[in-house]
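Analysis of the macromolecular model
The primary structure of each chain is shown beneath.
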Amino acid sequence: RIVELTELTECKNIYKKFINPQSQNLMFQTSHLKSVKHKQIIGNKAEGIIFLKETGFNVPDFFVISFEELNNLISDELKFDSFLNSKLNSIKIEKKSLFAVRSSADAEDGKEQSFAGLFKTLINISAQNLKSAIKEVVQAYFEVQKLNYSNSVDLKFGIIVQEMLSPDYSGVMFSQNPININDKSAIINIVPGLGEELVSGRVEAFSIKKTKLKYKFINADENFSGKKFNENYIDINVNGEKIKSEVNTHLKNLFLSAKKISKLKKYPADIEFAIADNKIWFLQVRPITTLKNSEEEIISVWDNSNITENYPGISMPLTCSFVRYTYEKAYRKMSEFLGMNKKLIEKNKIYLSEMSGNINGVLYYNISSWQKLLYQMPFGSKTSKQITKILGMEPAEFQKPENKISIFGYFRLLANLSISFFNFNKLKKIYGDNFEKVMNEYENVDFKSKSYKELINIYYNLDKKLGDNWIAPMINGFFAMILFAALKKVVLKSAINKEYPNFANDVLFSSGDVISVKIVRDLQNILKNIGLNNELFQSFKNKNIDDIKSELLKSPEINLSIKNYIKKYGERSEIGELKIETVNYKENPDSFLEFLKNNVFEKTDKYSNIEQFDYLKVVKKNYRFKPIRKFLLIKLIKYTVARVKDRENFRFVRTKTFSLVRKIFRGIDQYLLKNKYIEEINDSLYLNLEEILNIETQNSYKEIITNRKAEYSNHNFERNANRYFKTKKGFTPVETIKEGNFSGKIKGTGCSSGIIKSEVIVIDEFSGQENNFEGKILVAKYFEPGKINYFSQASGLISERGNLLSHTAILSRELGIPAIVGAKGILSKIKTGDTVQMNGAKGEIIILNNNNEQI
């Protein structure tokens, strides 16, 4: 059946039909390759390596097997062995040497697309195993063809066999900024050990940026992971300062080489390199495919890694527009309070008005706007770059804002910020008193009985009374960000870091008095008391809600505790408690009874005796003979803990505020339905804030809503990327988490100490409350604040997204549950029923097999 054919696609259909996919000799039974009429096809990657060698750059020894040579060798095992021996002898490789076997397709590493990560690379291959490795790489081409990734992938390829290095450092160098066409700065990303760890996305890189004659070390205060190979793979960890010191002598040569390569190639270049034996070795060169014409120049970067915790999935237009307005107003008022020039604030309107927005119905932060606004504040050059890390996001480049603050204006901001810092408790009291006053004023208002105009007036009054006085939470968030970053940096450089690698996170566990912890503890007490009352327990387990209500009347103390819980915390819900469309426990008390019904198996308060982390003891031990440093560190810790605690508490205040606003919009919805301006209840959710507050547009509501419903019917949030670039053409999805070969270990950010080994349950939107999560390690894309029942049962928590100041991190620390956030790609690596070991201090997750051995 296998004959000389002229089309590879036709051959593909034949081999899929007639050849056993399990055959070890699959690729070497397909003699159709001989008929493809191309001369000396070696692929772009091989041409890049040959270019580097011929232009005098230091390249490890290699040879290339062309497409034609593969055709001749493919059906002749003896000829293949002879060919490999001849090639190895020609480059005089030692017998003990190891090799990398790399793909090199015509479609790969092109100017339009790189196809990075799609083709196969095998490393540390012995000479004896070269033939089987080449077969495996060839097989991978056909797997790529199945993906239909591009019409240009037509299996014209060569193979590169190159001597392996054992590098001290590996990296990728860009001759100019790969995500900003106007930024000519060269950039190096470098990791300790093997480069595969970097290009696969398994580890984060130490970054160096060269602007004119200056080097900028982006994240030198961090630790960086990698792997070396010495018969087996060995995990290594190197501090950024050490990397900076050891690669510093090579930087000039590296950046000059990047400039030379780019000039010779006549395009911005993406170059892979390694440092071994104190020499620079060049491994690959390709065009920077992200740099295209001005139509595709990046205007802004949009990311939902953080905001999705509070606004999961699709958010309605009213929610999206209200969130956008609140961010704009809050940051504007903070700028005014700190004394920013009014003209400068107006110039910043373009950034203020786009701090958030929706893409396909999903809420995103416009990270570029945040960065440009922060850049104009005190400490802005640092905080504008740190914001992505603090929010648990991938790094994001941005252009400095054209708006510049004067020296006088800067010091005025700094002075007012300093005064606010030392007078913060006073600011917090003013804010708290005002908030309580407003809540009491509107607590018993019947919004459903009000007219449209009355409801709009109530909204504007509420906006003025609360929105104009939202200073304390905003400034507190700014302080928390700066203080926590400073604490981590100080601890990283101290002796404490060796013995307590999670010290900066664990000290936050000592904060206490956090409202979210009180909510969990009160919930646990209710569940415990229900469990101790056998008749009531059976009712919750086996009867419907109406029967449970009747049974509760026989237990007045428990019934009262449930009512008090809803009164105190009823603004919460399980999903999206900040969304306008969400129905919370106060609006539907039966939903809280349903919540209890599905969680009554939790009978004990398992966290009542959590041992507090004694950070004072640790500090005193390590700073015994350094009293000034000890005093300053203790002060820094106390300020950081206070601001982080207030940050979490202010979140619940925001939840209560949004709940009050929701009541106003519910009242407007009732009025519009009653007067036939909308057709169905909740139709007003399809209006944006400006539309619903403009009574003159009410006759157009039906048409607007019909169009929005059609638009939203096409939204599927599961298809949305974590990050988008906005260009003149629109939004372009960005792959921020690269998938590569998996070694059984996943790295995230440790945020609550403890080593736990247990079975995994993956939590998604389909996970029911009825699941018993007791003692399990729960893994999710993110944990919403409403999912507090999970926290009360789990032995460990892992989230794919999140940061050290997220709700998940704060609550897990307070409850003493080992937790890891920002474990990128974990949901593609594990499934429910797998067993893992997690280290909440180091942020390491190890997947175990049935024998409890690492996979």
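Residues numbered from 1 in each chain as written. Predicted model: local features only at pLDDT ≥ 70, side-chain atom pairs only at ≥ 80, totals over all residues. Heavy atoms only, no water.

This paragraph deals with the pattern of salt bridges. When the charged atoms of two side chains lie near each other, side chains of opposite charge can form a pair. Applying the stated rule across the entire model yields 32 salt bridges. Here Glu 441 makes a salt bridge to Lys 465, at a shortest N to O gap of 2.8 Å. Taken together, the positions of Glu 441 in helix H14 (residues 424-442) and Lys 465 in helix H15 (residues 452-467) put the pair 24 residues apart, joining distant regions of the chain. In this structure Glu 441 comes out as partly exposed when scored by relative accessible area, which is 40%. Taken together, the shared-partner salt bridges connect Lys 329, Lys 333, Glu 336, Asp 463, Lys 464 and Asp 468 into one network. (Salt bridge = Lys/Arg side-chain N within 4 Å of Asp/Glu carboxyl O. Helix = DSSP H or I, 4+ residues; strand = E, 2+ residues; numbered from the N terminus. Buried < 20%, exposed > 50% of the residue type's maximum accessible area, 1.4 Å probe, protein only.)

Every α-helical turn comprises 3.6 residues, leaving residues that sit three or four positions apart pointing alike. Those residues of helix H24 (residues 615-622) not exposed but buried are Tyr 615, Val 618 and Val 619. Viewed end-on, H24 has its buried residues packed into an arc of 95 degrees, placing them on one side of the element. Buried positions along H24 lie against helix H17 (496-499), helix H18 (503-506) and helix H25 (627-674). (Arc of directions from axis to C-beta. Contact = heavy atoms within 4.5 Å.)

This model, assessed by the stated rule, comprises six cavities of 30 Å³ or more. Roughly 1100 Å³ of volume is contained in the largest cavity. Looking at the largest cavity, it is lined by 48 residues, and the ones nearest its centre are Tyr 327, Tyr 331, Trp 470, Met 474 and Arg 654. Elements represented by at least two residues in the lining of the largest cavity include exactly helix H8 (317-337), helix H11 (367-375), helix H12 (380-390), H15, helix H16 (471-492) and H25. If you tally residues by element for the lining of the largest cavity, the top one is H8, at ten residues. Partitioned by chemical class, the residues of the lining of the largest cavity number 31 nonpolar, eleven polar and six charged. (1 Å grid on protein atoms, 1.4 Å probe; cavity = no way out; pocket = protein on both sides within 12 Å on 5 of 7 lines; lining within 4 Å. Points joined across faces, edges and corners; volume = space filled by probe spheres on them. Nonpolar A, V, L, I, M, F, W, Y, C, P; charged D, E, K, R; others polar.)

Let us look at the layout of surface pockets. Of the pockets and cavities examined, the second largest pocket occupies roughly 820 Å³. Around the second largest pocket, the lining is made up of 29 residues, and of these Phe 435, Glu 436, Met 439, Phe 652 and Lys 656 lie nearest the centre. When residues of the lining of the second largest pocket are traced back to their parent elements, those giving at least two are H14, helix H19 (515-532), helix H22 (556-569) and H25. No other element matches the ten residues that H25 contributes to the lining of the second largest pocket. Tallied by class, residues from the lining of the second largest pocket come to ten nonpolar, four polar and 15 charged.

Picture the strands of a sheet paired through backbone hydrogen bonds; they go either parallel or antiparallel. Ordered in space as E14-E15-E13-E16-E17, the five strands form an open sheet in which the pairing is antiparallel. Edge positions in the sheet fall to strand E14 (356-359) and strand E17 (730-734), since each of these pairs with one other strand and no more. Each adjacent strand pair in this sheet contributes to an overall mean axis angle of 35 degrees, direction not counted. Pairing geometry for E14 and strand E15 (residues 362-366), over four bridges, is antiparallel. Counterpart to Ile 359 in the pairing with E15 is Val 362. (Pairing = 2+ DSSP bridges. Axes fitted to C-alpha atoms, helices over the stretch in contact; angles between N-to-C directions.)

Read from one edge of the open sheet, eight strands run E18-E25-E24-E20-E21-E22-E23-E19, paired in mixed fashion. Of all strands in the sheet, those bounded by a partner on one side alone are strand E18 (745-747) and strand E19 (749-752). Across the sheet, the mean angle separating the axes of adjacent strands is 30 degrees when strand polarity is ignored. Bridging between strand E21 (residues 777-780) and strand E22 (residues 796-799) involves four bridges; their strand directions are parallel. What sits directly across from Ile 777, in E22, is Gly 796.

Compared with an ideal rise of 1.5 Å per residue, which puts 26 residues at 38 Å, helix H7 (residues 240-265) spans 32 Å between its outermost C-alpha atoms and falls more than 12% short. By the largest-angle criterion, Asn 248 marks the main kink of H7, which is about 55 degrees. The N-capping residue of H7, defined by a side-chain oxygen 2.8 Å from the backbone nitrogen of Glu 241, is Asn 239. Two residues or fewer after H7 comes Lys 266, characterised by a positive phi angle close to 65 degrees. (Expected span 1.5 Å × (residues − 1). Bend = angle between axes of the 7 residues up to and from the residue. Polar contact = N/O pair within 3.5 Å; in protein donor to acceptor, adjacent residues only side chain to side chain.)

Let us now look at a nonpolar patch on the surface. A contiguous nonpolar patch, built from Ile 628, Phe 631 and Leu 632 and spanning about 360 Å² of accessible area, is present on the exposed surface. Among the secondary structure elements, Leu 632 is positioned in helix H25. Leu 632 sits in the exposed class, given a relative accessible area of 52%. (Patch = residues over 30% accessible without salt bridge, like charges linked within 9 Å, V, L, I, M, F, W, Y side chains within 5 Å. Areas by Shrake-Rupley, 256 points an atom, 1.4 Å probe, with all protein chains shown as cover.)

Counting residues in hydrophobic clusters, the biggest one holds 122 residues, and the most contacted among them are Phe 503, Val 619, Ile 637 and Phe 665. A total of 15 residues in this core trace back to one element, the largest contributor, which is H25. Setting aside chain neighbours within four positions, we find Ile 637 in contact with Leu 487, Phe 503, Val 507, Tyr 615 and Val 619. Counting residues in each nonpolar core, the second largest holds 35 residues, with Phe 57, Val 59, Tyr 169 and Phe 224 among its members. (Core = buried A, V, L, I, M, F, W, Y, C linked by side-chain atoms within 4.5 Å.)

Here the distance between the centres and the angle between the planes together describe a pair of aromatic rings. Counting across every chain of the model gives 33 aromatic pairs. With 5.4 Å between their ring centres and 85 degrees between their planes, Tyr 431 and Phe 650 make a pair best called edge-to-face. Of this pair, Tyr 431 sits in helix H14 while Phe 650 sits in helix H25; the two residues are 219 residues apart in sequence, bridging distant segments of the chain. For Tyr 431, a relative accessible area of 5% puts it in the buried group. (Phe/Tyr/Trp six-rings, centres within 6.5 Å; stacked < 30°, edge-to-face > 60°.)

The phi angle at Lys 266 is positive, at roughly 65 degrees, despite the residue not being glycine. One can find Lys 266 in the loop between H7 and strand E11 (269-276). The backbone phi angle of Asn 278 is positive, close to 65 degrees, even though this residue is not glycine. By the secondary structure assignment, Asn 278 is in the loop between E11 and strand E12 (279-287).

Read these as layout, nothing more, since geometry by itself doesn't imply function.
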